[in-house]
Amino acid sequence: MSVREEFWSIYREALPILLIALGGGLFAGLVLEGMVESVERFPGLLVMIPVFLATRGNVYGALGGRISSGLHQGLIEPKFERDQRLVNAVTASFINGIGISIVIGVITWLALLILGWEVAALYELVGIMLIAGVLTSVVLIFGLLALIFAGFKYGYDPDNLVGPIVTTLGDIFGMLFMLFAIGIVEVLI
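Residues numbered from 1 in each chain as written. Predicted model: local features only at pLDDT ≥ 70, side-chain atom pairs only at ≥ 80, totals over all residues. Heavy atoms only, no water.

## Some words on the nonpolar core
Ranked by internal contacts, the top residues of the largest apolar core, which has 23 residues, are Met35, Leu45, Ile128 and Met178. Within the residue set of this core, elements represented by two or more residues are helix H1 (3-34), helix H3 (45-73), helix H4 (84-115), helix H5 (122-153) and helix H6 (158-188). Among the elements that make up this core, the one with the highest residue count is H6 (six residues). Dropping the residues within four chain positions of it, Met178 is found in contact with Met35, Leu45, Ile49, Phe52, Ile128, Met129 and Ala132. Formed by 21 residues, the second largest nonpolar core is a distinct cluster that contains Ile67, Leu71, Leu86 and Ile165. (Core = buried A, V, L, I, M, F, W, Y, C linked by side-chain atoms within 4.5 Å. Buried < 20%, exposed > 50% of the residue type's maximum accessible area, 1.4 Å probe, protein only. Helix = DSSP H or I, 4+ residues; strand = E, 2+ residues; numbered from the N terminus. Contact = heavy atoms within 4.5 Å.)

## Quick word on a nonpolar patch on the surface
A contiguous nonpolar patch, built from Phe7, Trp8, Tyr11, Leu15, Leu19, Leu22 and Leu26 and spanning about 730 Å² of accessible area, is present on the exposed surface. Among the structural elements, Leu26 can be located in helix H1. (Patch = residues over 30% accessible without salt bridge, like charges linked within 9 Å, V, L, I, M, F, W, Y side chains within 5 Å. Areas by Shrake-Rupley, 256 points an atom, 1.4 Å probe, with all protein chains shown as cover. Salt bridge = Lys/Arg side-chain N within 4 Å of Asp/Glu carboxyl O.)

## A word on the UniProt feature "transmembrane region" (unreviewed entry) in the protein
Under the UniProt annotation, "transmembrane region" (unreviewed entry) lies at residues 14-32, 86-115, 121-149 and 161-185. For residues 86-115, helix accounts for 100% and strand for 0%, while the C-alpha atoms at its two ends are 43 Å apart. (UniProt positions renumbered as here; feature names shortened; annotations may be inferred.)

## A word on the UniProt feature "domain: SLC41A/MgtE integral membrane" (unreviewed entry) in the protein
Those residues carrying the UniProt feature "domain: SLC41A/MgtE integral membrane" (unreviewed entry) are residues 49-180 in this numbering. Helix makes up 85% of residues 49-180 and strand 0%, with an end-to-end C-alpha separation of 14 Å.

## So, the packing of aromatic side chains
To describe a pair of aromatic rings, one takes the distance between the centres and the angle between the planes. On inspection of all chains with the given rule, the structure shows three aromatic pairs. Judged by centre distance (6.3 Å) and plane angle (35°), the rings of Phe80 and Phe142 are tilted. Pair noted here: Phe80 is in the loop between H3 and H4 and Phe142 is in helix H5, with a separation of 62 residues, a long-range link. When the centroid spacing of 5.5 Å and the interplanar angle of 70° are considered together, the rings of Phe80 and Phe149 count as edge-to-face. (Phe/Tyr/Trp six-rings, centres within 6.5 Å; stacked < 30°, edge-to-face > 60°.)

## Structural notes on H5
An ideal rise of 1.5 Å per residue puts 46 Å on 32 residues; H5 measures up with 45 Å between its terminal C-alpha atoms. Positive phi appears at Gly155, one or two residues downstream of H5, with a value of about 90°. (Expected span 1.5 Å × (residues − 1).)

## Re the packing of H3 against H5
With their axes 10 Å apart at the nearest point, H3 and H5 run at an angle of 30° to one another. By the angle between their axes, H3 is roughly parallel relative to H5. Of the two possible hands of crossing, H3 and H5 adopt the one that is right-handed. Class assignment for the residues of the contact of H3 with H5 results in 18 nonpolar, four polar and one charged. (Axes fitted to C-alpha atoms, helices over the stretch in contact; angles between N-to-C directions. Parallel < 35°, antiparallel > 145°, perpendicular 65-115°, else oblique. Left-handed = near helix turned anticlockwise from the far one by under 90°. Nonpolar A, V, L, I, M, F, W, Y, C, P; charged D, E, K, R; others polar.)

## Brief notes about the side chain of Thr108
Positionally, Thr108 belongs in helix H4. Side-chain polar atoms of Thr108 contact the backbone oxygen of Ile104, separated by 2.7 Å. Beyond its immediate chain neighbours, meaning those up to four positions away, Thr108 contacts Gly44, Val47, Met48 and Leu125. (Polar contact = N/O pair within 3.5 Å; in protein donor to acceptor, adjacent residues only side chain to side chain.)

Set out below in structure tokens:
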């Protein structure tokens, strides 16, 4: 394949998912707009949002990269079945996703406390992050695997799909589940 053909192949595969990612990002922004009232109730919430979304991309982008490499090397089949490599990758990502969510709540609380800024209670911030982290992790794992497996079966290079898929699913569901988590924490407290 020539350089030109390879360029157009990557472009054809990436463009549709990038357009979907654009729509997903706009949707996430609309959800954020709906959370403005909660910012007053939970000071520190706006500090956590970009960190939360970025870590979703980091953790699950790494998972997508491992799955993509496994597919290319023939070590993982593009289907949901009990495969030790797949189970290990998913388990590690899930634990990292949950762990980093808790760390985000704690570090946000500490940083704002040290700066002398108003901050919600530690249990509120950690509760919001934990609920949003667990729910987002489940959706990202299954959504990412389903879309990568489907794309691979249809001849798409999963390396071209991982980034936009993780970003889009992370932004959409990260914001939705954060809004949901805020509602749950408000009801419980």
